[in-house]
Amino acid sequence: MNKKMKLLVLTSHLPYPLDEGGKISQYAFAEKLQDLLDLHYIVVAGNLSELAHANAFKDSLKNAKVHILDISKIVITTPTLGKTRIKNLIKAFLRIFKPRKDTVIKPSLVRDDYQKKFNIFREIDERFVNGIMDITAHLAPDIIQVEHSGFLSIVEVLPDDIKKIFVHHEIQYARLESYRTPQTAYEIYKRNFLRDIELNLLSKYDHVLTFSQDDKLKLSCVLDIPVISSPFPVLDDFFEEKKIEDFAINKIVFIGPEVHEPNYDAVLWYHDTIAEQVYLATGLITHIVGKWSEETIVNLTKPYLVFDGFVSDIKMHNRNSLVIVPLRMGSGIRTKIIYAMAQSLPVISTSIGCEGLGAQDGCQLIIRDEIMDFKNAIVDLVQNMEYAFKISQEGYKLTKFNFSQDSLVQNRLNIYKEIIESEEK
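First things first, this report covers the structure right here in the doc.

Conventions adopted
- Per chain, residue numbering runs from 1 following the sequence as it is written.
- For a predicted model such as this one, the threshold for reporting local features is a pLDDT of at least 70, and the threshold for listing and counting side-chain atom pairs is 80 or more; totals across whole chains, interfaces and linings nevertheless cover every residue.
- Water and hydrogen atoms play no part in the side-chain values, which are based on all heavy atoms of the structure.
- What counts as a salt bridge is simple: a side-chain nitrogen of Lys or Arg found within 4 Å of a carboxyl oxygen of Asp or Glu.
- Helix and strand definitions follow DSSP, with helices as H or I runs of at least four residues and strands as E runs of at least two, each counted in order from the N terminus.
- Relative accessibility thresholds used throughout: buried, under 20% of the residue-type maximum; exposed, over 50%; partly exposed, between the two (1.4 Å probe, protein chains only).
- Two rings from Phe, Tyr or Trp (for Trp, the six-membered ring) form a pair when their centres are within 6.5 Å of each other. A pair whose planes differ by under 30 degrees is stacked, one over 60 is edge-to-face, and the rest are tilted.

Moving on to the pattern of salt bridges. This structure, assessed with the given rule, holds 17 salt bridges. Its salt-bridge partner being Lys 32, residue Asp 236 comes within 3.1 Å of it at the nearest N-O pair. Placement of the pair is Asp 236 in the loop between β7 (227-229) and β8 (251-255) and Lys 32 in helix α1 (residues 21-33), with a sequence separation of 204 residues. For Lys 32, a relative accessible area of 23% corresponds to the partly exposed category. Salt-bridge contacts for Asp 125 lead to Arg 127; the nearest nitrogen and oxygen are separated by 2.9 Å. For Asp 125, a relative accessible area of 25% translates into the label partly exposed. Salt bridges here are not isolated pairs; linked through shared partners, they connect Lys 32, Asp 236 and Asp 406.

This is the structure we're talking about:
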């Protein structure tokens, strides 16, 4: 009996719960790969909440081995204070900083991506590095796969005799360039510095995998190592083909957490320009799905724009929705779009939002980059249900053909095999 290939995945982004794109894209592979090879994950838990999610992820993968680096245990050295006294002090502290219901919070200013501290620049915690290397030495995997830019620099310590793959969810310097062309000396410095560090670290891997052909082309021309396009699949359970008699648009939905800066920019742009006009023209409320800060929710909530927070059953929540993707920066493939299409939901996006999908304007979705054109497209689809249904059906066909779980997981497995075989020759 042939020995199964051993794959070790290191990720800075815990793939559970499935409440954002970066997690779903990882889990869609893990769910199937666990039956096809000897699959190992190393995930880190920095607090009790992350530890609970890490254990839930471990429980969900019955045929994989999930190694949890738990650094959540914090020792409180306050021997003179009892537990009740500590709790009361914490409550008093929180009351000081918790805004009263009648407090008016000044709306957040537009965030500048050039001021963001990209996680590539952050040193990985010593406990993570040592823990990862101890487990890696014990497992002796055939391939080490690193996911997300937060762990990009771990390549500095990975063994030279093991094949190393980096799966790029979003090219960081490309995202910065998509935000805007650098205008000041500092912005030129920031873009160039980020690009040089990112490309230098990527060059130390044996292969880079991207989710789209567009990202593959961006990296292939600047890296001397193989860059392979390997899109992530849609989970089987999300595919839902609709009949015209079951089709409706009862609300407008944007999907994505605030922590991903392009999402914040998109929601703010939409909120400040057309959200109210869309409501007045259609009567439909816009729902923002995902984790958002209390401050942002207070600042941006309106009768026509509401925040639904984390949704445990997003498929049910989004049924009979029009999905909007007014993104103005970023790279990679948008989980929110392919999952909406798989559910037979009509989608309106910017060009950047639907980059890498191979979708055509007016066929599988609507593409509009000017905000008033975006608004008019929403109104047109809501008022023309037959056209909206046609768009949704073509989007479903595109995802079913190009993003099915079995075919893309098999394609990823073939990539692993080719990498191992090339090493043996």
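Taken as a whole and judged by the stated rule, the model has 16 aromatic pairs. Consider the rings of Tyr 189 and Phe 193, whose centres lie 5.5 Å apart with planes at 25°: the pair is stacked. Residue Tyr 189 and its partner Phe 193 are located together in helix α6 (residues 185-202), separated by four residues, close to a single helical turn. Using a relative accessible area of 46% as the deciding quantity, one classes Tyr 189 as partly exposed. Of the aromatic side chains, those joined through ring pairs into one cluster are Tyr 16, Tyr 27, Tyr 41 and Phe 57.

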